[in-house]
Amino acid sequence: RAAREQAGRPALQFNRQAQNVQMLVNTIRQNKPAIRVNPKSDSTVEEAKYFQGIIRHIEYASQADMCRENAAEYSIGGGFGFYRITTEYASDDSFDLDIFIRRIADPKTVLFDPNVMQPDFSDARWCQVWEYMSWDVYKQKYPNSDHASWDPVMRTEWGDWADEDGIWLCEYWQVETKYRTLMMLRDGTSIFEDELQAPVPESFVVRRRQIEKRTVKCDLINAVEILASTVWAGDWIPIMVVLGKELFVEGKRKFISLVRNNRDTQQLLNAAYSGVAENIGLTNRVPYIGYKGSFKSDKNWAQAHVTNPAFLEFDPVYGENGELLPPPQRQTAEAAIGALSQLAGMMIDSNKAGAGIFDSSLGAAEPEYSGISVQRRVRQADLTNLHFSDN
């Protein structure tokens, strides 16, 4: 593309991926995911319904559907997306906290511990969430910062953390662990060793095991200082991940989007259509070829390649032996538009196969298809891409 643009050649783009992504995202919008609470052996159905009602209220107040759909759209189009759980004050005159689900607009601002193995990243030891903020907003929100009044020249010394327009802030989430020893006594009770009022004889201890006590902390930092520190009420980092397809290739984790396999197809499609446009633009009006002296009798010959005159006259021209030479002939030249158009059609079919989404899934059907056939084709496309909505 860069070479074409530098040479002044057409570099057109015909995005065939957006329709596939939007079709799958809209399928998820039709089947909105929701949290369901099931009672365990030591709880009742009424208690489960009570908590289900609280969660439903949190989702409604947070517009949680939009947050999850945003993350799903990024996972389908780019391989991964995120949203978050947070707490906010219930009102300006209260210290009560309400739980909210909020979207993370740009998934590239989230950096997770690369050693995670769980599909929900619950085993992450740290996570960073970055935000770019203008200097005016920064000074209003953090007036006590030691560096809020730095001049633009000194701000550039912060390196990539800041520039003349604004500054990057980072929420640095980290999990601190403390190990405690849980003991089972002979009478069947369990107690932590550090809670004992007095030592227990070893003969009374049946079993011991180590318990990992997790504490989640968050520091809001800039390049040189901590602006705020909080301790999260939960045991896990409250950043929710929505993945596309996860693969390990040569020991490296890859997140595969719906359009990943169509990258080369899309590039070749763009090249084919750009070639068609280039050939159309470079094709001259086909000229007439004739013997010298053939075009003297009619002034329309000078414009015959750009206009459509009703008739054209030419002076007869004779050869050396007195024979009448042929009349002027139009010079024909066929551009490679047909071949490029055929290539573009092949790439469109390859795009459908790569995404597992065919015309019938997008609402179109051939005349000879029955309704049942169309439904099965749509169901086949849904099944091919089920892992996106399932995640």
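See the structure printed just above.
Residues numbered from 1 in each chain as written. Predicted model: local features only at pLDDT ≥ 70, side-chain atom pairs only at ≥ 80, totals over all residues. Heavy atoms only, no water.

1. What to know about the overall build of the protein chain
Here comes step 1: Within the protein chain one finds ten helices and 13 strands.
Here comes step 2: The buried share of the protein chain, taken over its 391 residues, is 31%.
Here comes step 3: Within the protein chain, contacts between residues separated by at least 24 positions form 62% of all contacts whose residues are at least 6 apart in sequence.
Here comes step 4: When the accessible surface of the protein chain is totalled, it reaches about 26100 Å², and 52% of it is carbon and sulfur. (Helix = DSSP H or I, 4+ residues; strand = E, 2+ residues; numbered from the N terminus. Buried < 20%, exposed > 50% of the residue type's maximum accessible area, 1.4 Å probe, protein only. Contact = heavy atoms within 4.5 Å. Areas by Shrake-Rupley, 256 points an atom, 1.4 Å probe, with all protein chains shown as cover.)

2. Observations concerning the packing of aromatic side chains
Here comes step 1: Inspection of every chain in the model, using the stated rule, returns twelve aromatic pairs.
Here comes step 2: Taking the centre distance of 5.5 Å and the plane angle of 75° together, the rings of Tyr50 and Phe51 count as edge-to-face.
Here comes step 3: Taking the relative accessible area as the measure of exposure, Phe51 reaches 46% and is therefore partly exposed.
Here comes step 4: Seen from their ring centres, Trp173 and Trp232 are 6.0 Å apart, and the 85° between their planes marks the pair as edge-to-face. Taken together, the residues span a long stretch of sequence, with Trp173 in strand 5 (residues 166–185) and Trp232 in the loop between strand 8 (226–231) and strand 9 (239–243) at a distance of 59 residues. (Phe/Tyr/Trp six-rings, centres within 6.5 Å; stacked < 30°, edge-to-face > 60°.)

3. Quick word on the state of the cysteines
Here comes step 1: Inspection of the entire model under this criterion finds zero disulfides.
Here comes step 2: Note on Cys127: no disulfide assigned, nearest cysteine sulfur contributed by Cys170 at a separation of 8.5 Å. (Disulfide = S-S within 2.5 Å.)

4. Overview of a positive patch on the surface
Here comes step 1: Side chains of Lys252, Lys254, Arg260 and Arg263 sit close together on the surface and give a patch of like positive charge.
Here comes step 2: Note on placement: Arg263 falls in helix 7 (residues 263–282). (Patch = residues over 30% accessible without salt bridge, like charges linked within 9 Å, V, L, I, M, F, W, Y side chains within 5 Å. Salt bridge = Lys/Arg side-chain N within 4 Å of Asp/Glu carboxyl O. Lys, Arg positive; Asp, Glu negative; His and termini not counted. Charge placed at Lys NZ, Arg CZ, Asp CG, Glu CD.)

5. Describing the nonpolar core
Note that soluble globular proteins tend to have their nonpolar side chains buried in a common cluster.
Here comes step 1: In terms of nonpolar packing, the biggest core is built from 18 residues, with Phe82, Val110, Phe112, Cys127, Trp173, Ile237 and Ile239 touching the most fellow members.
Here comes step 2: The element that contributes the greatest number of residues to this core is strand 9, accounting for three residues.
Here comes step 3: Val110 has contacts with Phe82, Ile104, Cys127, Gln128, Val129 and Ile239, leaving out every residue within four places of it along the chain. (Core = buried A, V, L, I, M, F, W, Y, C linked by side-chain atoms within 4.5 Å.)

6. Points about helix 3 (residues 45–62)
Here comes step 1: If you check helix 3, its first and last C-alpha atoms are 26 Å apart, about what 18 residues at 1.5 Å a residue would give, namely 26 Å.
Here comes step 2: Every buried residue belonging to helix 3 is among Ala48, Gln52, Ile58, Glu59 and Ser62, and all of these are buried. The buried residues of helix 3 occupy an angular sector of 120° when the element is viewed end-on, so they sit on one face. With respect to the buried face of helix 3, the exposed residues turned more than 90 degrees away are Glu46, Lys49, Tyr50, Arg56, His57 and Tyr60.
Here comes step 3: Buried residues in helix 3 make contact with helix 4 (64–78) and strand 2 (97–103).
Here comes step 4: One or two residues past the end of helix 3 sits Gln63, with phi positive at roughly 50°. (Expected span 1.5 Å × (residues − 1). Arc of directions from axis to C-beta.)

7. As for the pairing of strand 10 (residues 245–249)
Here comes step 1: Inspection of the sheet shows strand 10 paired to strand 11 (residues 252–256) by five bridges, in the antiparallel sense. From the neighbouring strand, Phe248 faces strand 11, where its bridge partner is Arg253. (Pairing = 2+ DSSP bridges.)

8. Here we look at the packing of helix 2 (residues 17–30) against helix 4
Here comes step 1: Put simply, helix 2 and helix 4 touch, their axes get as near as 10 Å, and they point 150° apart. Here the hand of the crossing between helix 2 and helix 4 comes out right-handed. Contacts between helix 2 and helix 4 pair Val21, Gln22, Leu24, Val25, Ile28 and Arg29 from the former with Glu69, Ala72, Glu73, Ile76 and Gly77 from the latter. (Axes fitted to C-alpha atoms, helices over the stretch in contact; angles between N-to-C directions. Left-handed = near helix turned anticlockwise from the far one by under 90°.)

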